[in-house]
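Each chain, written out:
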Amino acid sequence: IIEGARIAVTGARDLWWRVRPPAAPPVLALGLVRRRLALLLHALWGEPLAIYPSDEEPPPTWLARVLGRAPRHLAARAARAATDGRHIWLPRALAAPDGEAAALDCYRLLAVEQMARLTRGFAGAHPHDAPRLEQDLYQIATGAVVDRMLARTLRGFVPALEAARAAALDERPPLDVLLPAERMV
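Quick caveat: nothing in here was measured; it's all calculated off a predicted structure.

Procedures and definitions
Residues numbered from 1 in each chain as written. Predicted model: local features only at pLDDT ≥ 70, side-chain atom pairs only at ≥ 80, totals over all residues. Heavy atoms only, no water. Patch = residues over 30% accessible without salt bridge, like charges linked within 9 Å, V, L, I, M, F, W, Y side chains within 5 Å. Areas by Shrake-Rupley, 256 points an atom, 1.4 Å probe, with all protein chains shown as cover. Salt bridge = Lys/Arg side-chain N within 4 Å of Asp/Glu carboxyl O. Helix = DSSP H or I, 4+ residues; strand = E, 2+ residues; numbered from the N terminus. Phe/Tyr/Trp six-rings, centres within 6.5 Å; stacked < 30°, edge-to-face > 60°. Buried < 20%, exposed > 50% of the residue type's maximum accessible area, 1.4 Å probe, protein only. Pairing = 2+ DSSP bridges. Bend = angle between axes of the 7 residues up to and from the residue. Contact = heavy atoms within 4.5 Å. Axes fitted to C-alpha atoms, helices over the stretch in contact; angles between N-to-C directions.

Chemist: Any chance you could explain a nonpolar patch on the surface here in plain terms?
Modeler: The grouping of Trp62, Leu63, Val66 and Leu67 at the surface amounts to a nonpolar patch, some 460 Å² of accessible area in total. Of note, Leu63 is situated in helix α3 (residues 62–66).

Chemist: Honestly, the packing of aromatic side chains in this entry has me stumped. Any pointers?
Modeler: Ring pairs (aromatic) are described by centroid distance and by the angle formed between their planes. Counted by the stated rule, this structure contains one aromatic pair. Relative to Trp89, the ring of Tyr52 lies with its centre 6.0 Å away and its plane at 35°, an arrangement referred to as tilted. On the criterion of sequence distance, the pair formed by Tyr52 in strand β2 (residues 51–54) and Trp89 in strand β4 (residues 88–91) is long-range, its members being 37 residues apart. Residue classification places Trp89 among the partly exposed positions, given a relative accessible area of 26%.

Chemist: Any chance you could explain the environment of Ala101 here in plain terms?
Modeler: Mapped onto the elements of the fold, Ala101 is located in helix α4 (residues 100–120). Placed 73 residues apart in sequence, Ala101 and Leu28 show a C-alpha to C-alpha distance of 9.3 Å.

Chemist: What is the right way to read the environment of Gly121 from this model?
Modeler: Here Gly121 is to be found in the loop between α4 and α5 (122–125). Spatially, the C-alpha atom of Gly121 lies 9.6 Å from that of Arg86, the residues being 35 residues apart in sequence.

Chemist: Just to check I follow, could you spell out the pairing of β4 for this structure?
Modeler: Put simply, side chains in a regular strand alternate between the two faces of the sheet. With four bridges joining them, β2 and β4 adopt parallel strand pairing. If you follow Ser54 over to β4, its bridge partner there is Pro91. In sequence, strand β3 (residues 82–83) turns back onto β4 through a hairpin of four residues, with Gly85 there showing a positive phi of about 100°.

Chemist: Is there a simple way to think about helix α2 (residues 30–45) in this case?
Modeler: Note: α-helices contain 3.6 residues per turn, so residues at a spacing of three or four share the same orientation. The largest bend along α2 measures about 25° and falls at Arg36. Regarding α2, the residues found buried are Leu30, Val33, Leu37 and Leu41. Where α2 is buried, its residues touch β1 (27–29), β2, β4, β5 (93–95) and α4. Phi for Gly46, located one or two positions after α2, is positive at around 75°.

Chemist: Which parts of the structure should I look at to understand the sheet that holds β4?
Modeler: Backbone-to-backbone hydrogen bonds pair the strands of a sheet. The strands run either parallel or antiparallel. In space, the three strands of this open sheet follow the order β2-β4-β3, with mixed pairing throughout. Looking at the sheet topology across the chains shown, the edges are occupied by β2 and β3. Where β3 lies against β4, two bridges are found, and the strand directions are antiparallel. Residue pairing for β4: Ala82 is matched across the bridge by Trp89. Its contacts with the sheet place α2 against β2 and β4, and it is angled at close to 140° to β2. Sheet contacts for α4: β3 and β4; angle to β4, the most-contacted strand, approximately 155°.

It is worth stressing that arrangement in space is one thing and function is another; only the former is reported here.
Dropping the structure here:
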């Protein structure tokens, strides 16, 4: 019986290796680290807070692209972190090409940044009805305030902050595809 079980297991393993799905890129799911992130935020700010998963925005419709309302170079490629002043949303999963530790550092940074935005009331003050340029400038200004605050008060986040800045610079579209107003921002 034991020999038969060994042969069956070996056969099943070999079959799995032949028909397994192609290797998927490594990812770290929010569900695996959500509780740890909530504990971190609670320890830093003293407030329990729910963290929800965010998904990628749907691609712009054909009509929006034809009418020029959705330039391809500004389309969001991934889920974004956000806050509405009461809750925090983080991407459902983060790519982990450099390992889970690097992806966890990114999740920590996103969570702490959004908590800083939440506690400073930036979501409530966002100029939703203002022109797009004003909204972009507001996002840049609040990002600079949050980055400076984190660099001063939570020095352990400085390496992750610098890595995130470098990655953001690498993802920027070339200047020649931007409109003049976009280049100014």
